Every structure is written in C-alpha cells, then in structure tokens.
Amino acid sequence: PDATLGQIDWIAARFMINQPGVAWNAVADLVERQLREGNRDRLAMSLTNLATRLEVKPDVAFALCDLAALCAPDDPIVSNLRATLLRKSDRLPEALEAYEQMVKDFPSDVVARNGLAETLRAMGRLPEALKAYEQTIKDFPSDVFARNGLAETLRDMGRLPEALAAYEQTVKDFPSDVFAR
C-alpha cells in the first residue's frame, strides 16, 4: 500500500522540527518500500504530497519534487508542483518557463494555465496575464480561479470599473465563491 497520510505527516513534522536526518531516512524507507512493491505512481503521489506540505522549506520541497519526477516524469501534478515552488520562491523566469512548457505539453491542464497567468501577473506583465486569464476563461468557463485572476489583473491595471464588473459577474455565476465577495 501507499504511504498513509499519517506517515506523510510524521515525515513532514520531522523536517519542520529540524530533524532532517531522521526525515530523510524515513523518506528513503518510503522510497525503498514502494519501489520494492512496484508502486512508482503511488510513490510519486506520496512525495508530491509531502513536498506540498513542505513548501516553507523550499530546498526540501524541490528535492522531494525531483524524486517524484524520477518516478513519474510525465505526471502533470509533479510538473505543476515544481512550477508552483519556483513561483513561490520568486524564481519567476524559471516558473514562467515551466508553466509555458506545461501548457504546451498539457493544454487542457487548467492549473498550469492559471499558474502561467499568475506568474505573468507577478512579473508585472499585466497585459499578457490578462490575455492568459481571458483565454483560460474562454476554454474553461467554469473556472472560478481564472475569473478572480482576471478581476485582480484588471484591478492591478487600474481598470477599476471593469474589475468591479468582473467580480460582480463572478459572484453572480459562482454565488458561493468567497474570494470574489
């Protein structure tokens, strides 16, 4: 079987309380066990899950993400996580490149599309971000994240009446969306 959430939490806690030796030994045991059992995909999922919990420790998260990529090199979840870690580490040019590759490789991946737009926005490339959000909304009309990103980008561009209209439309279309409210 794959790693339980309890195991993942335990390993994450060891990293968080600065017991990296203990944590890496547990990761090694997890890798060895799951590979021995032929669970490459589950191992990639476990490592990705662990890396997500450890975003506050970027070096560890990147290392875990790299291990997951070795197990599942074509998994969009692993690629998205890597791009997200790059963006959150302010490595924006690298994040942009990673998201652009993701969109090329997985054009129906809405997470990659939104990540691309969000990275463009963080880089101050607002017209490109706006265009990316508009395309995402066109292709995925029910994606509330893109709708909110569009409104935020319009706001950042100083186009306040359009931003307000976009927020109002999001609230109308998605009444339970707390963010737009």
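Worth saying up front: this structure is predicted, and the values here are computed from it rather than measured. (Residues numbered from 1 in each chain as written. Predicted model: local features only at pLDDT ≥ 70, side-chain atom pairs only at ≥ 80, totals over all residues. Heavy atoms only, no water.)

K.L.:
Would you explain the packing of aromatic side chains in this entry?
P.N.:
Per the counting criterion, the structure on display carries one aromatic pair. Relative to Trp24, the ring of Phe15 has its centre 5.0 Å away and its plane inclined at 80 degrees; by these criteria the two rings are edge-to-face. Positioned above the aromatic ring of Phe62, the side-chain terminus of Arg91 is 4.9 Å from the ring centre. (Phe/Tyr/Trp six-rings, centres within 6.5 Å; stacked < 30°, edge-to-face > 60°. Lys NZ or Arg CZ within 6 Å of the ring centre and 35° of its normal.)

K.L.:
Looking at this structure, I do not really get the packing of helix H5 (residues 76-88) against helix H6 (residues 92-105). What am I missing?
P.N.:
Angle between the axes and distance between the axes are the two parameters that describe a pair of packed helices. H6 packs onto H5 with a crossing angle of 160 degrees between their chain directions and a minimal axis gap of 7 Å. It follows from the interaxial angle that H5 and H6 lie roughly antiparallel. Of the two possible hands of crossing, H5 and H6 adopt the one that is left-handed. Contact residues: H5 offers Pro76, Ser79, Asn80, Ala83, Thr84, Leu86 and Arg87, while H6 offers Leu92, Glu94, Ala95, Ala98, Tyr99 and Met102. Partitioned by chemical class, the residues of the contact of H5 with H6 number eight nonpolar, three polar and two charged. (Axes fitted to C-alpha atoms, helices over the stretch in contact; angles between N-to-C directions. Helix = DSSP H or I, 4+ residues; strand = E, 2+ residues; numbered from the N terminus. Parallel < 35°, antiparallel > 145°, perpendicular 65-115°, else oblique. Left-handed = near helix turned anticlockwise from the far one by under 90°. Contact = heavy atoms within 4.5 Å. Nonpolar A, V, L, I, M, F, W, Y, C, P; charged D, E, K, R; others polar.)

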